[in-house]
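Summary of structural features
What follows is the residue order along each chain.
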Amino acid sequence: MTPRLGVIGAMTEDGLIGDYASNKFPWDVPDDLFHFMSRTIDSVVFMGRRTFESIGRPLHRRLNVVISRTMPLTPDVTVVPSFHSALSFWNRMEPELARDGWFIGGREIWEKLASQKTKWISRVSITMIDQSVVRPVDKPIHFDLRRFVKNKENWSVTTQKIRGGEIFEYNDIKF
Ligand SMILES: NC(=O)c1ccc[n+]([C@@H]2O[C@H](COP(=O)([O-])OP(=O)(O)OC[C@H]3O[C@@H](n4cnc5c(N)ncnc54)[C@H](OP(=O)(O)O)[C@@H]3O)[C@@H](O)[C@H]2O)c1
């Protein structure tokens, strides 16, 4: 099957995705972490430097690509200096090594993607986190992931309730 590019992330109804001060998720939703793992396993995961720092280590069984102009060489991580070079990296993978790719955040990376390359995205997974499980946040980071599925015809959506939220998965059925 042809590898696909997607976006995966979690947000509250009002678009909260993180806390700038702690650089952590302001919620604990293990079912969402399990969903994230099951979707991204064996894929290429593209992330911004701050998201990598927030995770604290390369994600196991995934090809970790960090977009950064400042990050030093790091074991088990491919560092690329620009958004464009991240896409080139994925496009130039040898066919036998080609894998699905996921843009896993954070806000800066999603902003850049939303501003230019959404036509490449053929699936989007959004977990809507219940407000009731969100901790108070000092410096909220917002990004509305629904921007990636606006004005898209021919997308199918499936939903799944989990403890602490609901997962919405959008797939381009024409892909
Ligand atoms: N809710 C979710 O699903 C979710 C998912 C992921 C992350 N998050 C949260 O989001 C927060 C991180 O998001 P963020 O927006 O602060 O940071 P980010 O997007 O993860 O990383 C920002 C960094 O990426 C690099 N970068 C961004 N655009 C670039 C470009 N065009 N070219 C080269 N490098 C570029 C820069 O690194 P350098 O300064 O090194 O150049 C920049 O400082 C964390 O709190 C995390 O917990 C939430």
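Residues numbered from 1 in each chain as written. Predicted model: local features only at pLDDT ≥ 70, side-chain atom pairs only at ≥ 80, totals over all residues.

Bringing the sheet that holds strand E6 (residues 101–103) into the picture now. Spatially, E5-E4-E3-E6-E1-E7-E10-E9 is the arrangement adopted by the 8 strands of the open sheet, whose pairing is mixed. Edge positions in the open sheet fall to strand E5 (78–80) and strand E9 (155–162), since each of these has one partner strand only. The mean inter-strand angle of the sheet, taken between neighbouring strand axes irrespective of direction, is 20°. Pairing between strand E7 (residues 121–129) and strand E10 (residues 165–172): 7 bridges, direction antiparallel. Residue pairing across strands places Ile129 opposite Gly165, the latter belonging to E10. Along the sheet, helix H4 (residues 107–116) makes contact with strand E1 (5–12), strand E3 (44–48), strand E4 (63–67) and E6, crossing E3 at roughly 105°. (Pairing = 2+ DSSP bridges. Helix = DSSP H or I, 4+ residues; strand = E, 2+ residues; numbered from the N terminus. Axes fitted to C-alpha atoms, helices over the stretch in contact; angles between N-to-C directions. Contact = placed C-beta atoms within 7 Å.)

Further remarks concern the site of the ligand. Around the ligand sit 31 residues, and of these Gly9, Gly18, Gly48, Gly105 and Gly106 come closest. Here the residues of the shell around the ligand sort into 12 nonpolar, 11 polar and 8 charged. (Near = placed C-beta within 6 Å. Nonpolar A, V, L, I, M, F, W, Y, C, P; charged D, E, K, R; others polar.)

Before going further, it helps to spend a moment on unusual backbone geometry. Omega for the peptide link from Gly105 to Gly106 comes to 0°, which places this bond in the cis form. Looking at the element boundaries, Gly106 is found in the loop between E6 and H4. With phi around 55°, Asn23 is a residue other than glycine that occupies positive phi space. Looking at where Asn23 falls in the secondary structure, it is placed in the loop between strand E2 (16–19) and helix H1 (30–40). On the basis of neighbour count, Asn23 is assigned to the partly exposed category, with 16 C-beta atoms found within 10 Å. (Buried ≥ 20, exposed ≤ 12 C-beta atoms within 10 Å, placed from the backbone.)

Residues Val7, Phe46 and Phe103 are the most contacted members of the largest nonpolar core, which totals 30 residues. Breaking this core down by element, the ones donating at least two residues are E1, E2, E3, E4, helix H3 (83–91), E6, H4 and E7. Ignoring any residue separated from it by four or fewer positions in sequence, one finds Phe46 in contact with Val65, Ile67, Ala86, Gly101, Trp102, Phe103, Ile104 and Ile109. (Core = buried A, V, L, I, M, F, W, Y, C linked by C-beta atoms within 7 Å.)

Of all the residues in H1, the buried ones are Asp32, His35, Phe36 and Thr40. Looking down the long axis of H1, one finds its buried residues gathered within 110° of arc, a one-sided arrangement. Facing away from the buried side of H1 by more than 90 degrees, the exposed set consists of Pro30, Phe34 and Ser38. In this structure, the buried side of H1 is in contact with E1, E3, E6, E7, E9 and E10. One or two residues past the end of H1 sits Asp42, with phi positive at roughly 65°. (Arc of directions from axis to C-beta.)

Remember, this is a structural readout, not a statement about activity or role.
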